[in-house]
Amino acid sequence: MGSFMKTVQTNAIVQAALFMALGLVLMFVPDITLVTIVYLVAAVFAVSGLVSIFAYMRPGSPSYKMSGALTTGIFLLVVALVMFAFPAAVAGFFSMLLGGVLILCGVANLVRSAGLREFGGNAWIAYAVLSLVVAIGGVVVIWNPFATTMVFVMVLGALLFVNGASNLVVEMSVRRHVRERNI
């Protein structure tokens, strides 16, 4: 049992260090991180496209000579090519899409908050303000998609770093208590 606990403790420390390292990368190199994510998604699309085309050409495959497989394969390869050629634009597009979703959610929740008003109380005001903030955030994301996406990645990095650091502190504290009590 002691060997198992040592393994768990070592894994927890390694995981904490990895979270902290990933958090630092996301905080200090967010633009490279975004482009890397776009490249990884493009690679997945390229491999999927190639698999579809090979399935179309391979006798005995369920997709053999099916035009849908060929069309899908070509479409995925074209999307992958565009993503490889213009990674920053693709990252910005996803940010604009996210901004649009935020605007729609904010407006829908603003309408819902007006409906809460008839139940009395002041909770609807807080809900309306938060809904307005979400909608305005969506406008900001659309206004400057790449910068806001980088800020999001940086905040995500900071949260991962804090998570890793807190896990490390907890693990060290547990180790100290175990040693003191000879468990």
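Residues numbered from 1 in each chain as written. Predicted model: local features only at pLDDT ≥ 70, side-chain atom pairs only at ≥ 80, totals over all residues. Heavy atoms only, no water.

Time to look at the confidence of the model for the chain. Of the residues in the chain, 91% reach a pLDDT of 70 or more, and the chain-wide mean stands at 80. Within the chain, helix 1 (residues 2-28) has the poorest average pLDDT of any element, 74, and helix 3 (residues 67-85) the best, 88. (pLDDT = per-residue confidence, 0-100. Helix = DSSP H or I, 4+ residues; strand = E, 2+ residues; numbered from the N terminus.)

Okay, the layout of surface pockets next. Unoccupied space between atoms shows up once a probe the size of one water molecule is rolled over them. Empty space within the largest pocket amounts to approximately 340 Å³. The set of elements that each furnish at least two residues to the lining of the largest pocket consists of helix 2 (30-57), helix 4 (87-116) and helix 6 (145-181). (1 Å grid on protein atoms, 1.4 Å probe; cavity = no way out; pocket = protein on both sides within 12 Å on 5 of 7 lines; lining within 4 Å. Points joined across faces, edges and corners; volume = space filled by probe spheres on them.)

To continue, consider helix 4. Helix length check: helix 4 (30 residues) gives 43 Å between terminal C-alpha atoms against 44 Å at 1.5 Å per residue, within 8%. For helix 4, the complete set of buried residues consists of Pro87, Val90, Ala91, Gly92, Ser95, Gly99, Gly106 and Ser113. (Expected span 1.5 Å × (residues − 1). Buried < 20%, exposed > 50% of the residue type's maximum accessible area, 1.4 Å probe, protein only.)

Take isoleucine 53: it is sitting in helix 2. On the basis of relative accessibility, which here comes to 16%, the residue isoleucine 53 falls in the buried class. In the structure, isoleucine 53 is positioned 17 residues away from leucine 70 in sequence and 5.3 Å away in space, judged by C-alpha atoms. Discounting chain neighbours no more than four positions away, the residues touching isoleucine 53 are Leu70, Gly73, Ile74 and Leu77. (Contact = heavy atoms within 4.5 Å.)

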